[in-house]
Amino acid sequence: MISLISPSEVKAPTSIAIGSFDGLHEGHRRLIETVVKNSQYTPTIASFWPHPREVLFGETRLRLDLPEEKLPLLESLGIEQLVLIPFDKKLSKLSANNFLKDVLFNQLQTKSISVGENFRFGYKRQGDINTIKESVKNQNIALNIVPLLEDQYGRISSSRVRELLLNCDLENARKLLQRPYNFSGKVVKGKGLGKEIGCPTANLEIDGRKFLPGVGVYAAWSFPEDSKVKLPSVMNLGPQPTIDPLSPSAVEVHLINKNINLYDLKLRIQPIKKIRSQIKFSNLSELSKQIFKDIDMAKKFLIILNKNKMKNLDLKRLEDQRIAQIVDANLDRAREGLRVLEDWARFALGRKDLVKSFKNFRQILGKHHLKVYKESRNFINDNSAGLSHPEQFKRNDASSIISSNAARVQEALRVIEEFSRDHNQNLSKISSDIRYEIYNLEIVLLEAQSNYSLRKILNENDLYFITLDTENLFEKIKNILEGGVKIIQLRFKQGKDSDNLKFAIKVRELCNNFDALFLINDRVDIALACKADGVHLGQDDMDIKSARNILGFSKIIGISASNEWDIKKR
């Protein structure tokens, strides 16, 4: 889980976005993408707590997501820490420029700032994007300004989500949030009236800072603490007009066809659809009849909902358990292989972009790893379980591990694609799409690993030999390599290109024999043609971006520069 920290605990330097990010809707996610993109810094979200309007105007601000609820959501988007900046009257009087200097630059040590185009901050909200532009102009700090996101109904915002929830429009709220809306509470003792009328309910104690949907009776899914099982439920949200009209609003949940002792446990609720508004009945008998009607309606709705989600899954065509076993086994293989690739990208290469891709594919396959597949497992009849091949024990370097696990994923996805086509067209298509993505990501990962290996040689060796045009150059290079030098840079100042290329290929083969780094001076074309490890560019040579486009990301590119500003310009 990512960290929830104070400014003094921040892991710096940071790539940061500031704001409440309440709900983490699609607009927020666009902004977060720019934060995560700067992978050399710690991706960070900074939020004020409590909300400034609570401090300045005494307003009650209910949250779509409490800070601890945001953590898993932010982690899935690539954020590594959520910083809560304590907001008080003293901070409210800090000028925009002083806020940038004292908090962002000095305390949070930001190297990249991402804000929406309407961002305002500082005393009386006097600071805006122009204030930040002026402040970072002469500093080594990047500024990303993200346009507001709109759809056909207007700007996508947390206020729109709240309005939809207040009007019980859960489906459109889900679309803006890109996820179902949830809230959680501890199960506490109630009056026990539900049990008396044959419909026991769990009474939830909800954090008073949490925003809840409009009053009414809902069909909902319930998730008991530490369980991934979702249980069909009926939820009553609001006062109790029949039992105790003067009591405050409450959340009561009845688990359909389940009798579980939930007392003192945490229950997560996912309201799906409002069934009806609250009604005051003349007696408990009428209330009881209506509750059972509500249960029946909620059950039918949730069954229909599940059927719609599974409309591409034809269980009649899956009666052959052998097919279910094959799909199950290959989903396991694919997810395991993806985890190996993800962990190498994360811990060895530090490539958050690749980690995000592999993690996303794992989550998608996990979501489609249905119970019907898992229930088909039968290890007793699988007389091939535990078989291995001698080639498995020959993977002695990172590149071979990457290649073998990428192949494992690709092969498993191909099997899933074929065997699920007849009964689960959705899974078949997903497997095909991911398989083609893995072909490309394997190349990117291998290039990143190659670049890492080359840079390791570069970082571990201080002695660097740059050639001059001289007699017996090949023999001299060989002698130098035999003496232990690990980096050779070949320069061409004369001669035909065809002759220079032949000589470069010869030297590259020699360097390979000594596990040495081989670079070409100035000539990107010859470096590419002779498969050198990289190129060194002079101040008047090709720019880095063009050279990178030609050579790819696996090669090393060095440049000549007089100072750090020359490097930044290129």
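A brief structural summary. As the structure is a prediction and not an experimental result, all values here were calculated from the model.

## What about the overall build of the protein?
Check the secondary structure of the protein and you find 20 helices and 19 strands. Its C-alpha atoms put the protein at 110 × 75 × 40 Å along the principal axes. A buried classification covers 43% of the 570 residues belonging to the protein. At a minimum sequence separation of 6, the contacts of the protein that also span at least 24 residues come to 68%.

## Here's the deal with the nonpolar core
By size, the foremost hydrophobic cluster in this structure holds 29 residues, and its most contacted members are Leu-165, Leu-204, Met-235, Val-251, Val-253, Leu-267 and Ile-269. Put simply, the parts of the chain that give this core at least two residues each are helix 7 (158–166), helix 8 (170–177), strand 9 (183–188), strand 10 (202–206), strand 11 (216–224), strand 12 (231–238), strand 13 (250–255) and strand 14 (266–276). Looking at this core, the element that brings in the most residues is helix 8, giving four residues. Those residues in contact with Val-251, other than ones at most four positions away along the chain, are Phe-183, Ala-202, Asn-203, Leu-204, Ile-206, Leu-212, Met-235, Asn-236 and Leu-237. Of all hydrophobic cores here, the second largest spans 28 residues; its members include Ala-334, Ala-345, Leu-354 and Ile-430.

## Observations concerning the pattern of salt bridges
Once their charged atoms are close, side chains differing in charge can pair, the charge on each being opposite to the other. Taken as a whole and assessed by the stated rule, the structure comprises 30 salt bridges. A salt bridge links Arg-30 to Glu-26; its shortest N-O distance comes to 3.7 Å. On the criterion of helical spacing, the pair formed by Arg-30 and Glu-26 is a turn pair, its members being four residues apart in helix 1 (residues 26–37). In this structure Glu-26 comes out as partly exposed when scored by relative accessible area, which is 23%. Linking Glu-417 and Arg-414 is a salt bridge whose minimum nitrogen-to-oxygen distance equals 3.4 Å.

## What about the sheet that holds strand 10?
Strand pairing in a sheet takes place through backbone hydrogen bonds and is either antiparallel or parallel in direction. The six strands are arranged 9-10-13-12-11-14 in a closed barrel whose pairing can be described as antiparallel. Neighbour to neighbour, the strand axes of the sheet diverge by 45 degrees on average, direction disregarded. By the bridge criterion, three bridges tie strand 10 to strand 13 in an arrangement that is antiparallel. By the bridge assignment for strand 13, Ala-202 is matched with Val-253.

## Focus: unusual backbone geometry
Negative phi is the rule for most residues except glycine; trans is the rule for most peptide bonds. Put simply, Ala-12 and Pro-13 share a cis peptide bond, and its omega is -5 degrees. Considering the arrangement of structural elements, one finds Pro-13 in the loop between strand 1 (3–5) and strand 2 (14–18). Pro-50 follows Trp-49 through a cis peptide bond whose omega is 0 degrees. With respect to the helices and strands, Pro-50 occurs in the loop between strand 3 (42–49) and helix 2 (52–57). Even without a glycine there, the phi angle at Leu-24 is positive, about 45 degrees. Within the secondary structure, Leu-24 is located in the loop between strand 2 and helix 1.

## What to know about the packing of aromatic side chains
Per the stated rule, a full pass over the model turns up six aromatic pairs. The interplanar angle of 20 degrees and the centroid separation of 5.3 Å between the aromatic rings of Phe-119 and Phe-121 together place this pair among those described as stacked. Look at Tyr-436 and Tyr-439: their rings are 5.7 Å apart centre to centre, the planes differ by 75 degrees, and that puts the pair in the edge-to-face class. Of this pair, Tyr-436 and Tyr-439 are both found in helix 15 (residues 425–460), three residues apart, which corresponds to roughly one turn of the helix. Take Tyr-436: its relative accessible area is 47%, and that puts it in the partly exposed class. An aromatic cluster of three or more residues is present, and its members are Phe-48, Phe-87, Phe-99, Phe-119 and Phe-121. Between the NZ or CZ atom of Lys-189 and the centre of the ring of Tyr-263, over which it lies, the distance is 4.5 Å.

## A short note on the sheet that holds strand 17 (residues 517–521)
The parallel open sheet is built from five strands, whose spatial order is 15-16-17-18-19. Bordering the open sheet on either side are strand 15 (465–466) and strand 19 (556–559), each of which pairs with just one other strand. As paired elements, strand 18 (residues 534–537) and strand 19 share four bridges and run parallel to each other. Bridged to Leu-537 within strand 19 is Ile-559.

## Examining the packing of helix 14 (residues 398–420) against helix 15
Two elements in contact, helix 14 and helix 15, have axes separated by 8 Å at closest approach and are oriented at 170 degrees. Our classification of the angle between helix 14 and helix 15 gives roughly antiparallel. Here helix 14 and helix 15 pass one another in a crossing that is left-handed. Of the residues in the contact of helix 14 with helix 15, the class split is twelve nonpolar, nine polar and four charged.

What counts and how
- Counting from 1, residues in each chain are numbered in the order their sequence is written.
- Thresholds applied to this predicted model are a pLDDT of at least 70 for local features of residues and 80 or more for the giving and counting of side-chain atom pairs; totals over whole chains, interfaces and linings are not thresholded and use all residues.
- The side-chain quantities take in all heavy atoms of the structure and omit both hydrogens and water.
- Secondary structure elements follow DSSP: runs of H or I of four or more residues count as helices, runs of E of two or more count as strands, with numbering from the N terminus.
- Buried means the residue's accessible area, taken with a 1.4 Å probe over protein chains only, is under 20% of the maximum for its type, while exposed means over 50%, and partly exposed covers the values in between.
- Every residue pair with non-hydrogen atoms within 4.5 Å of one another is taken to be in contact.
- Joining through side-chain atoms within 4.5 Å is the link that ties buried Ala, Val, Leu, Ile, Met, Phe, Trp, Tyr and Cys residues into a set, and such a set is a nonpolar core.
- Take a side-chain nitrogen of Lys or Arg and a carboxyl oxygen of Asp or Glu: if they are within 4 Å of each other, that pair is a salt bridge.
- Any two strands with at least two DSSP-identified bridges between them are counted as paired.
- Axis angles are defined between N-to-C directions and span 0 to 180 degrees, where every axis is a line fitted to C-alpha atoms and, for a helix, only to the segment in contact.
- Only centres within 6.5 Å qualify two rings of Phe, Tyr or Trp (six-membered ring in Trp) as a pair; their planes then separate them into stacked at under 30 degrees, edge-to-face at over 60, and tilted for everything else.
- Two limits define a charge over a ring: the Lys NZ or Arg CZ must be within 6 Å of the ring centre, and within 35 degrees of the ring normal.
- Under this scheme an angle from 65 to 115 degrees is roughly perpendicular, one under 35 degrees roughly parallel, and one over 145 degrees roughly antiparallel; angles in between are oblique.
- Take the far helix as your reference; a near helix turned counterclockwise from it by less than a right angle gives a left-handed crossing, and one turned clockwise gives a right-handed crossing.
- All amino acids are sorted into three groups, where Ala, Val, Leu, Ile, Met, Phe, Trp, Tyr, Cys and Pro are nonpolar, Asp, Glu, Lys and Arg are charged, and the leftover types, Gly among them, are polar.

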